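This is what each chain is made of:
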Amino acid sequence: SKETKNLVALDVSLLKKIASWKQEEEGNQTSSNNFVQLQDLRRELRGKLAKTREEIRLAENLYKDASDFEQIVQEQSSRLKSVGLLKDIINKSNCPLCGNGLEEATEPLENLKNAVIITNNELVEVRREQPRINAHIERLIEKEAELLSRLRDARIKIEAIVKENDELQKTR
């Protein structure tokens, strides 16, 4: 992303400045150590950020798949309801075509009845899971924002170290 490219460019320019510092000076050594620690922190945060973004992408795909499934099942259910089959299949053992009572349930009718029941149960489950998936996505987005904030804080601290060292170099 654009933000990642900017962070890498900043790292390169800051590393060049630090490389020019005289390592034997005590103030520079402390600044250099702080810089290295902050760079390590930024590297770790960027890794966590990449992982969080991947988790967001996967959760959003899962939510979309669940929504698509729900829509398909709703359409199938609507088609069955529109011809009056769904109610008859679930509630009684009548012929779905002529409406006459059946003495024995036929295998195709039982299979259809079971398929409708399973589909309805799956629809209920999808509707139950969607809010959970959505809440998970929201938590991940909050985590992403927190990681970005910590990355910005680390960048600001690194820039302050570089500025301080630049000023020290100018005064010597």
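Sequence order as written defines residue numbering, which begins from 1 separately in each chain. Thresholds applied to this predicted model are a pLDDT of at least 70 for local features of residues and 80 or more for the giving and counting of side-chain atom pairs; totals over whole chains, interfaces and linings are not thresholded and use all residues. Just so you know, side-chain values use all the structure's heavy atoms and leave hydrogens and water out.

**Student:** Explain the side chain of Glu-70 here, please?
**Tutor:** Turning to its location among the elements, Glu-70 is positioned in helix 2 (residues 26–82). With residues up to four places along the chain from it excluded, the contact list for Glu-70 reads Leu-123, Val-126, Arg-127 and Gln-130. Each helix is a run of H or I in the DSSP string that is no shorter than four residues. Each strand is a run of E no shorter than two, and both are numbered from the N terminus. The contact criterion used throughout is that any non-hydrogen atoms of two residues lie within 4.5 Å.

**Student:** Help me understand the pattern of salt bridges, please; the structure alone is not making it clear to me.
**Tutor:** Once their charged atoms are close, side chains differing in charge can pair, the charge on each being opposite to the other. By definition, a salt bridge exists where a carboxyl oxygen of Asp or Glu is found within 4 Å of a side-chain nitrogen of Lys or Arg. Per the stated rule, a full pass over the model turns up 10 salt bridges. As a salt-bridge pair, Asp-68 and Lys-64 come within 2.9 Å of each other at their nearest N and O atoms. Pair noted here: Asp-68 and Lys-64 are both in helix 2, with a separation of 4 residues, about one helical turn. Note on Lys-64: relative accessible area 48%, which makes it partly exposed. Notably, a salt bridge pairs Glu-159 with Arg-155, separated by 3.5 Å at the nearest N-O pair. One end of the pair, Glu-159, and the other, Arg-155, are both in helix 4 (residues 107–171), 4 residues apart, so they sit about a helical turn from each other. Partly exposed describes any residue whose relative accessible area lies between the buried limit of under 20% and the exposed limit of over 50%, with all areas from a 1.4 Å probe on protein chains only and scaled to the type maximum.

**Student:** Quick question: what am I supposed to make of the confidence of the model for the protein chain here?
**Tutor:** Fine structural detail should not be taken from predicted coordinates in areas where pLDDT scores are low. Values of pLDDT, the confidence the predictor places in each residue, fall between 0 and 100. When the pLDDT values of the protein chain are averaged, the result is 78; 65% of them are 70 or greater. Looking over the protein chain, one finds the lowest element-wise mean pLDDT in helix 3 (residues 85–91), namely 53, and the highest in helix 4, namely 86.

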